[in-house]
Amino acid sequence: MQRPGEAIAVSISWFPAGEYEKAIERWDSLAEDWSGIAHDDYSRRLDGHIKWMRRGGIHVQAVSLIVVDELVTWCAERAEDPEEARAQYAAERFRVGEAIAWPPGRNDPCWCGSGRKYKKCCSTAPAAPMHSAA
């Protein structure tokens with residue numbers, strides 16, 4: 001139970017490279033929003049979105065990596081629609097300790113898997129809603 005004034009821990013879903021392209025191919029709703037957007041731009045926008053959410057008082061603590069086939073299996077076991085259940089799946093991954101802590105330290109590897117330091121990668125994304133062209 002949440003206590004008054006206590007922050008809610010949030011994990012946001014993210015498709016890593018390879019899974020991102022698979023998801024766009026599989027689900028039309030994602031293709032409408034993301035087709036033609038490179039994975040590195042998608043990841044930077046997600047980082048900016050997390051910053052934007054935090055400014056709005058939503059305390060995102062982690063990024064939950066989504067593997068398409070695992071999401072589909074998880075949803076089938078629960079009779080959920082994978083297009084609608086990504087947030088629930090992200091929360092479950094966070095709950096069981098299978099999420100990437102956010103934000104990483106400036107000199108730590110970026111959470112997106114690029115191999116670059118966070119300060120030279122996604123940390124440069126401005127705080128903005130995910131679908132803004134910023």
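Refer to the structure printed above.
Source: prediction; values computed, not measured.

Engineer: Lay out the overall build of the chain with the relevant residues and their values.
Structural biologist: On a plain count of helices and strands, the chain comes out with 5 helices and 3 strands. Counting helices and strands in the order they occur from the N terminus, the chain gives β-α-α-α-β-α-α-β. Against the 2.2 N^0.38 benchmark of 14 Å for 134 residues, the chain shows a C-alpha radius of gyration of 15 Å, consistent with a compact globule. The 134 residues of the chain split such that 37% are buried. When the accessible surface of the chain is split by element, carbon and sulfur atoms take 50% of a total near 7800 Å². Of the side chains in the chain, 17 bear a positive and 20 a negative charge, and the two mean positions are spaced by 12 Å.

Engineer: So what's going on with the packing of helix α4 (residues 68–78) against helix α5 (residues 86–95)? Which residues, and what values?
Structural biologist: A pair of packed helices can be characterised by two numbers: the angle between their axes and the separation between those axes. At a closest axis distance of 11 Å, the pairing of α4 and α5 adopts a crossing angle of 100°. With respect to α5, the element α4 is oriented roughly perpendicular. Contacts between α4 and α5 pair Glu70, Leu71 and Trp74 from the former with Arg86, Gln88, Tyr89, Glu92 and Arg93 from the latter. Here the residues of the contact of α4 with α5 are counted per class, giving 3 nonpolar, 1 polar and 4 charged.

Engineer: Residues and numbers for the sheet that holds strand β2 (residues 60–65), please.
Structural biologist: Spatial strand order, β1-β2-β3: 3 strands in an open sheet with mixed pairing. Lying at the two open borders of the sheet, with one neighbouring strand each, are β1 (10–14) and β3 (100–101). Sheet strands touched by helix α3 (residues 39–55): β1 and β2. Its angle to β1, the strand with the most contacts, is close to 165°. Its contacts with the sheet place α5 against β1 and β2, and it is angled at close to 105° to β2.

Engineer: Hey, could you go over the packing of helix α1 (residues 19–26) against α4 for me, with residue numbers and the actual values?
Structural biologist: Their axes nearest at 9 Å, the elements α1 and α4 cross at an angle of 55°. Viewed along their axes, α1 and α4 adopt a mutual orientation that is oblique. Every residue of α4 that contacts α1 at Glu19, Lys22, Ala23 and Arg26 is listed here: Val68, Asp69 and Val72. Across the contact of α1 with α4, the residue classes tally to 3 nonpolar, no polar and 4 charged.

Engineer: Which residues make up the nonpolar core, and what values go with them?
Structural biologist: Side chains of nonpolar character tend, in soluble globular proteins, to be buried together. Formed by 30 residues in total, the largest nonpolar core has its most connected members in Phe15, Leu46, Val63 and Trp111. What Trp111 contacts, discounting residues up to four positions off in sequence, is Trp14, Ser43, Leu46, Asp47, Val63, Ile100, Trp102, Pro104, Tyr118 and Cys122.

Calculation notes
- Residues numbered from 1 in each chain as written.
- Predicted model: local features only at pLDDT ≥ 70, side-chain atom pairs only at ≥ 80, totals over all residues.
- Heavy atoms only, no water.
- Helix = DSSP H or I, 4+ residues; strand = E, 2+ residues; numbered from the N terminus.
- Rg over C-alpha atoms; globule rule 2.2 N^0.38 Å.
- Buried < 20%, exposed > 50% of the residue type's maximum accessible area, 1.4 Å probe, protein only.
- Areas by Shrake-Rupley, 256 points an atom, 1.4 Å probe, with all protein chains shown as cover.
- Lys, Arg positive; Asp, Glu negative; His and termini not counted.
- Charge placed at Lys NZ, Arg CZ, Asp CG, Glu CD.
- Axes fitted to C-alpha atoms, helices over the stretch in contact; angles between N-to-C directions.
- Parallel < 35°, antiparallel > 145°, perpendicular 65-115°, else oblique.
- Contact = heavy atoms within 4.5 Å.
- Nonpolar A, V, L, I, M, F, W, Y, C, P; charged D, E, K, R; others polar.
- Pairing = 2+ DSSP bridges.
- Core = buried A, V, L, I, M, F, W, Y, C linked by side-chain atoms within 4.5 Å.

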